[in-house]
Number of protein chains: 2
Amino acid sequence: MSITSRGSGPHVLRRLNASAVLTALRTGGPQRVADLMDRTGLTRPTVTQALTLLEKAGWISQSGVETTPRKGRPAQLVSFRASAGCLLGVDVGPHKAIVMITDLVGAGLAEVRVPTAAAGDGRALITLIADAVRHALDQAGRTQDEVYAVCIGSPGIADPENRTFRLAPSIPGWAELPLDVELGRMFRCPVLVENDVNLSVLAERWQGVATEAGTVMFVHWGSRIGAGIMVGGRLHRGVGGAAGEIGFIDLDETPPVVGGMGPFERVVGADAISRLGGDRFPDSGAVLRAAADGDPDALAAVDEVAARFARGLAPALLVLDPELVVIGGGVSRGGPPLLAALDRHLRPRTLVPPRLALSALGDRAGALGAIRACLDNLEATLADGL
Amino acid sequence: MSITSRGSGPHVLRRLNASAVLTALRTGGPQRVADLMDRTGLTRPTVTQALTLLEKAGWISQSGVETTPRKGRPAQLVSFRASAGCLLGVDVGPHKAIVMITDLVGAGLAEVRVPTAAAGDGRALITLIADAVRHALDQAGRTQDEVYAVCIGSPGIADPENRTFRLAPSIPGWAELPLDVELGRMFRCPVLVENDVNLSVLAERWQGVATEAGTVMFVHWGSRIGAGIMVGGRLHRGVGGAAGEIGFIDLDETPPVVGGMGPFERVVGADAISRLGGDRFPDSGAVLRAAADGDPDALAAVDEVAARFARGLAPALLVLDPELVVIGGGVSRGGPPLLAALDRHLRPRTLVPPRLALSALGDRAGALGAIRACLDNLEATLADGL
C-alpha cells in the first residue's frame, strides 16, 4: 500500500528503490550489484540507477574489488559510507553521564564518562555534558557539524515536542531544561530525548539479550524502579510518555510519593535491600555479594526482596504477557540466585510465567539505546534527501 | 519497502494497485473513476486496469450513474459488492451466545441470541450454537457457502493455531473443544477464535467510544474481570494469548485461584458488590441502581468497590499509560456515579490519569468485535485472489 499512499509515479518509485538498496547496504556490508539484486528483488538497471542516486548523495562508495571472485573478472564492491558522519548518544544519570559517539551504522568511535552528582544545578550539568561531548568528539576525530543525530536519555518523563524531561527528581535542576536550546545549538541535526529505561530496552533488543523478542520488558532495578516496554518490536511510550512507571505501583496502601519515590521502589529498591540485610552489610551490593556466596542472612534478605518484587511485577506481567523480562540496573548484579528467587515467586502469580534474563549491557544500556534511537531516526530520514 | 520485500515486477504492482482501489471502494461507498484517482493517487489507466481485475474477481459492480453530475455527461459509479458474501461473528458466554451475520462491509443482516447456561456440556453447547447459526443464516437469507469468515469469541485464552480455547472455567465443557472440527466443517472459510474481551476492545475502536484512541484498554467488569488492550491501533494478545488477564492481580496475598476465579475479580466482581451492599439488596444490579438514586448504603458500597477497583487497575495503567480506559460488562451499568468514584480513586495512584468512558455497546461488544476480526481477516486476504 505504501507506494500509493505516498503518491505514485516514477519519481516516488525511484526513491523507494534507492531506499531499499540503501537499507540492504547499511545492514549487509560491502556487496556486488548481483548481491543487491538478490536482496532487494530489483533488476540490474534499477539497482544501478539507485546506486547512481546514492553516490550523488554521498551515501556510498565503490569500495574496491572482491578478494575471492566466484567466476569471471573480479566484481566491484559497493559500501555504505558509515564514516560519512557520526551519531551521538548521551545517558544522563544522577551519578554520571555517559557520552557515546559512533559512526552511521553504530560502530563505536569514542566513549566518555563524567561524574554528575557534584554539578549542583541544571546549568552546571549542561556545561559539564557539553564539555564531555566536545571531549568525545575530539577523541573520535569528529566535529559538531558531522553529527547526524543526537539522543539524550535520562530518568523522568521525556517530552519530545519540547525537547525536555518532566518529573526527574533524582537529578536536581534537570527537569524542564530546554535541551534543544541548551545543547541543540551545538548541532545542526535533530535532538531526540527519551527516558533512559526506554533506551535500555531498545539497546537490549539491538545487541543485548532480547534480540529475538517481539514483546519485551526491561526492568531497571536500582535505587529507583522503572520499566521500558517494546510491543511487536516497537517502543511503547504511552500517551503521556509514562508507560512502564512501575516504581509507583502501590501494594500496601502507602502514600503515593515520598521523597520523589513511588511505593514500589521504596520497598524493593537498593535502599530496601540494604535495610533487609541488617547491620552486618554496609549496602545493597554487600548483601547481594554475600547471598551469591551462600550467606544465610543475605539469602533470606534476597528471598524477601524477590518475593516483594514478584508481587509488584506480577500485575505488569498479567497486563502485558511478554515474551521476555530483562532485569537490569545495579541490583541485577545479584545474578542467577536473585533471578531464581524471582522466578520462584513469580510462577504462582502469573498465568504464563515469562522468561527472565539478566541484562548483559551493564550501565552502558542507556547510552547504547540512545545510539539505537539515533539509528532509527537516521533510517527513517535517510531517503528523504534523495 | 513493501514492493521490494514481496517481490517486484508488473504483476505485483498490478495487484498492489488493485488492492489500493479495492480498499478505497470498501471504505468510501460508490465512486467515480475520478474519485478513485484522487483517493489512491493512481493514474486513470491504472485505476481502469485495477477495476477490470476487480470486476473479473466479482468484487465490484458498475452501480448506475451519479445522480447529480458535476459537469458534462453523468459518470458511471463503481461500488464494492458488499453483498457478494457474508461474515459470521459468534460470542459465546456462560449465560448466552450471540450470533451476528453481516455483509462484507460489516452492515448487519441478522442477529440471534440463545441461552447457554442449560447446555450442560461442550457437545450440547456446540449443537446449540450450530442451530443458532443456521437460524441466523436463514434470517439473513444466506447459505453456509456464502460465509467468507467466521470468528468465535468466548472467555478463556484463545489458541488460534488449534482453533480452541484454553482455561475457560466459566463455560463447562467448552475448553479444549476443537472448534474447526466441530463448527468449522459447516464452512469452507477460515474459522478464527479470540478472547471475548479482546473482541470487545476491537468493537469499541470500530464503532464504540474508542474510535480515536491509539492505546486503549477495555475492562470487562462483571462477575469476572478481564481487559482487552490495543497498542498503536493493534490488538495486543501477549506471547501466550494471556495479555490483559487482570482478574488475577493479587492485592492482598490471597490464594491465586479459588473456584476458577483470580484474587482481583473475587474482591471487585459482581458478587463482591452484592456482598458489600448488604442484606437490603438482592444483587449487584440492585446496589448499582440504588446508588444511582442516591441511596447512602449503596453509595458507600459503590465507593468501596471503586476504591478496590482503582487499587487493582492502577498497576495496569502505570504499565500501559493508555489514552482511554473503557469500562464494560454488567457492572458498567453503575454509570456516571461509578465512573466518577473510579476516577477519584485512580487519580492519586497514577502519574497520568487516563480518560475513562463507559462502553456504549452493551452485551453486543463481543459479537461486534468478532465481525471486526472477520473484516480484518477479509481485508488482509481479499487481494490474494487477484
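Parameters at a glance
Residues numbered from 1 in each chain as written. Chains lettered and ligands numbered in written order. Predicted model: local features only at pLDDT ≥ 70, side-chain atom pairs only at ≥ 80, totals over all residues. Heavy atoms only, no water. Contact = heavy atoms within 4.5 Å. Salt bridge = Lys/Arg side-chain N within 4 Å of Asp/Glu carboxyl O. Polar contact = N/O pair within 3.5 Å; in protein donor to acceptor, adjacent residues only side chain to side chain. Helix = DSSP H or I, 4+ residues; strand = E, 2+ residues; numbered from the N terminus. Phe/Tyr/Trp six-rings, centres within 6.5 Å; stacked < 30°, edge-to-face > 60°. Buried < 20%, exposed > 50% of the residue type's maximum accessible area, 1.4 Å probe, protein only. Lys NZ or Arg CZ within 6 Å of the ring centre and 35° of its normal. UniProt positions renumbered as here; feature names shortened; annotations may be inferred. Expected span 1.5 Å × (residues − 1). Bend = angle between axes of the 7 residues up to and from the residue.

(A) View of the interface of chain A and chain B. Counting residues at the interface gives 48 residues for chain A, matched by 48 residues for chain B. Put simply, Arg349 of chain A and Asp250 of chain B hold a salt bridge, and the shortest N to O gap is 3.6 Å. Along the contact surface separating chain A from chain B lie 16 residue pairs in polar contact (both at pLDDT 80 or more). Only helix 1 (2–5), helix 2 (10–28), strand 11 (225–231) and helix 11 (296–320) of chain A provide two or more residues apiece to the side of chain A that touches chain B.

(B) Spatial organisation of the packing of aromatic side chains. Per the stated rule, a full pass over the model turns up ten aromatic pairs over all chains. Aromatic side chains Phe165 of chain B and Trp174 of chain B sit 6.0 Å apart centroid to centroid with 25° between the ring planes, which places their arrangement in the stacked category. Each member of the pair, Phe165 of chain B together with Trp174 of chain B, is buried. Between Phe264 of chain B and Phe309 of chain B, the aromatic rings sit 5.6 Å apart at their centres with planes inclined by 35°, giving tilted as the arrangement. Pair noted here: Phe264 of chain B is in helix 8 (residues 263–268) and Phe309 of chain B is in helix 11 (residues 296–320), with a separation of 45 residues, a long-range link. Feature note: the residues Trp59, Phe80 and Tyr148 of chain A constitute an aromatic cluster, connected by ring pairs. Geometry around Phe80 of chain B places Arg26 of chain B over its ring, the cationic atom sitting 4.9 Å from the centre. The ring of Trp206 of chain B has Arg372 of chain B sitting right over it, with the charged end atom 5.4 Å from the ring centre.

(C) Expanded view of the pattern of salt bridges. This model, assessed by the stated rule, comprises 35 salt bridges over all chains. Its salt-bridge partner being Arg364 of chain B, residue Glu111 of chain B comes within 2.8 Å of it at the nearest N-O pair. Here Arg364 of chain B lies in the loop between strand 14 (355–358) and helix 13 (365–381) and Glu111 of chain B lies in strand 5 (residues 108–115), a separation of 253 residues in the sequence. Accessibility expressed as a relative area gives 28% for Glu111 of chain B, which makes it partly exposed. Where salt bridges share partners, they join Arg26, Arg372, Asp376 and Glu379 of chain A into one cluster.

(D) Here's a closer look at the UniProt feature "domain: HTH marR-type" (unreviewed entry) in chain A. As recorded in UniProt, the feature "domain: HTH marR-type" (unreviewed entry) lies at residues 18–62 of chain A. In the segment residues 18–62 of chain A, helix accounts for 71% and strand for 7%; the C-alpha atoms at its two ends are 16 Å apart.

(E) How the structure looks around helix 11 of chain A. Residue and element names in this part refer to chain A. Over its 25 residues, helix 11 runs 35 Å from end to end, which matches the ideal 36 Å to within 8%, given 1.5 Å per residue. The principal kink in helix 11, of about 35°, is found at Leu313, preceding the proline Pro315 by one to four residues. The N-cap of helix 11, judged by a side-chain oxygen 3.0 Å from the amide nitrogen of Asp297 a few residues on, is Asp295. Phi for Asp321, located one or two positions after helix 11, is positive at around 45°.

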